Amino acid sequence: MTKRPLAIIALASVGLIEPVWAEVLGPSRSLAPGVELRTLQQALEGSAARQQDLLGEAAAIATQRQNLSKQLIATAAQIQAREALITESETKISELSQQYATTRLSLSQKNDWLAEVLAGLVQLEQNPPPALLASPRDALKAVRAAMLFGVAVPALRSETTALSRDLASLSNLRSELIRAKADLSANVKKLQVARLHLEGLYARKDVLLKANGDSLRQERLRAAKLADKAKTLKQLIEALAEETRRRQLTEQRALLEASLASPGIPPKPSPAFTASLGRLNHPVQGHLIRRFGDTDRFGTESKGIFIATSTGAHVISPASGRIAFAGNFRSYGQLLILDVGEGYHVLLAGLARIRVETGQSVEAGEPVGEMGEAPALATMIDSQSKDRRPVLYVEFRKTGSAIDSSSWWIGGREASSQKGMN
């Protein structure tokens, strides 16, 4: 048997030489030593060139994905900011409308009183009382008339002042209402434009994801099988964590092989999830209506937080990670499980539409889905009997067990704890 160069044998062992060239290396070939060596050298050069091409294509796709991810994050931030302004405008319009109605009612009530006073004054003007000196016999009548004027005129002046003030307030309220409605209309139009732009970015992302279509499809099928077998959320997360460990081992072997084929600067490791403690934004604009540990009327403690949102609100990933599961799961409905590393998982439930796939990597702030028009069954709580806003449920888990996420959020950006809109 002819001896092979060690470099060729090493490349063949990690699968960096095409099968057709492996046949050239096989014992069944009987070429002259010189011819065999040239053939092997050509095979090595061809394989190396193809590996470089593939690495270049992969790097180009990775760059496009990074740029697209940045655009998705920026657009989602614009949309959430616009949604916050719309909510603020709607709240302001509601308050102004209530003040406007109250002021009009007050004016209507005063109008009845003033009508009676004015009718009395008109009668006095048409039939004035006699002067005291001109008609001494009508002295009592004149005194009564003077008393009437003495009481009516100051009261009328006071009511007139109050009326003028209320009329000015009513006019100001009307102007503020007009401005608030104009702001709302402008923000709604800008939100529609941003959403159209986001749809275009989603379409571009779908094209890029097709480059990884087979691997994502396989991961989606594996996750779906695990979800079918799991009876509880804890079982599902444990199964997904085990699947993640296997995938990481495979990826580590692939990175080792790639480093043997093309030595260079090692990839920069992702920041640890624990480094984001106290730095996370809530994944959706809304109002915090239930915290971790709060109990319902049945005494059941909440394992996560509940955020009431506006209709169709956009949901972002609170942290960078990998989508471990995306789809329906038992009573949770549309469920997203984000693997953020270090044994942590972030769960998002209550969405009406999911815009990411199992196996996909996402950055913090990247859009992952949208809310519906009403709360999902899995997110219904006591206070939602009359409040029909959609609700996003967010839960943190460490090695499968639910933990309090309150210390992870940015305090200044937390949603209001009030149950109604301010």
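Everything below is about the structure shown above.
Heads up: these notes are all about the structure in this document.

As a further point, take the pattern of salt bridges. Within this structure, the stated rule accounts for eight salt bridges. Between Glu-242 and Arg-245 there is a salt bridge whose closest N-O contact spans 2.7 Å. Here Glu-242 and its partner Arg-245 are both found in helix α6 (residues 233-261), three residues apart, which amounts to about one turn of the helix. The class of Arg-245 is partly exposed, set by a relative accessible area of 46%. One salt bridge connects Glu-395 with Arg-397, and the closest N-O pair in it is separated by 2.3 Å.

Moving on to the sheet that holds strand β7 (residues 353-354). By way of backbone hydrogen bonds, the strands of a sheet pair with one another, either parallel or antiparallel. Taken together, the three strands give an open sheet; going across it, the order is β3-β9-β7, and neighbouring strands pair in antiparallel fashion. Each edge of the open sheet carries a strand with a single partner, namely β3 (314-316) and β7. Direction of pairing for β3 relative to strand β9 (residues 367-370): antiparallel, over a ladder of three bridges. Bridge pairing in β9 places Ile-316 opposite Pro-367.

Moving on, we get to the side chain of Arg-355. With respect to the element layout, Arg-355 can be found in the loop between β7 and β8 (361-362). A residue is classified by how much of its surface remains accessible, and Arg-355, at 13% relative accessible area, is buried. Beyond its immediate sequence surroundings of up to four residues, Arg-355 is in contact with Glu-199, Tyr-202, Lys-205, Val-368, Gly-369 and Glu-370.

Note on placement: Phe-273 falls in the loop between α6 and β1 (286-290). Between the C-alpha atoms of Phe-273 and Gly-321, which are 48 residues apart in sequence, the distance is 8.8 Å. If we ignore the near neighbours within four places in the chain, the residues touching Phe-273 are Leu-280, Ala-319, Val-340, Gly-341, Glu-342, Tyr-344, Val-346, Phe-396 and Trp-408.

Residues Phe-273, Val-315, Val-346, Leu-348, Leu-392, Val-394 and Phe-396 are the most contacted members of the largest nonpolar core, which totals 27 residues. Those elements that provide at least two residues to this core are β2 (305-309), β5 (334-341), β6 (344-349) and β10 (391-398). Contacts of Leu-392, omitting those with residues within four sequence positions, involve Pro-283, Val-284, Ile-305, Phe-306, Ile-307, Thr-309, Val-315, Leu-348, Ala-349, Leu-351 and Met-371.

In terms of residue burial, β10 counts as a mostly covered element, since seven of its eight residues are buried. Strand direction decides the pairing type here: β2 and β10, joined by four bridges, are antiparallel. Paired with Phe-306 across the two strands is Tyr-393, which belongs to β10. Bridge analysis of β6 against β10 gives six bridges, and the strand direction is antiparallel. Bridging across to β10, Tyr-344 finds its partner in Lys-398. As defined by bridge partners, β10 adjoins strand β11 (residues 401-403) across three bridges and the pair is classed as antiparallel.

A word on the packing of aromatic side chains. This structure, assessed with the given rule, holds nine aromatic pairs. Ring geometry for Phe-306 against Tyr-393: centres 4.9 Å apart, planes inclined by 50 degrees, an arrangement best described as tilted. Taken together, the residues span a long stretch of sequence, with Phe-306 in strand β2 and Tyr-393 in strand β10 at a distance of 87 residues. Counting every residue linked through ring pairs, the aromatic cluster contains Phe-273, Tyr-344, Phe-396, Trp-408 and Trp-409. Arg-290 extends its terminal NZ or CZ atom over the ring of Phe-306, reaching a point 6.0 Å from the ring centre.

Parameters at a glance
- Residues numbered from 1 in each chain as written.
- Predicted model: local features only at pLDDT ≥ 70, side-chain atom pairs only at ≥ 80, totals over all residues.
- Heavy atoms only, no water.
- Salt bridge = Lys/Arg side-chain N within 4 Å of Asp/Glu carboxyl O.
- Helix = DSSP H or I, 4+ residues; strand = E, 2+ residues; numbered from the N terminus.
- Buried < 20%, exposed > 50% of the residue type's maximum accessible area, 1.4 Å probe, protein only.
- Pairing = 2+ DSSP bridges.
- Contact = heavy atoms within 4.5 Å.
- Core = buried A, V, L, I, M, F, W, Y, C linked by side-chain atoms within 4.5 Å.
- Phe/Tyr/Trp six-rings, centres within 6.5 Å; stacked < 30°, edge-to-face > 60°.
- Lys NZ or Arg CZ within 6 Å of the ring centre and 35° of its normal.

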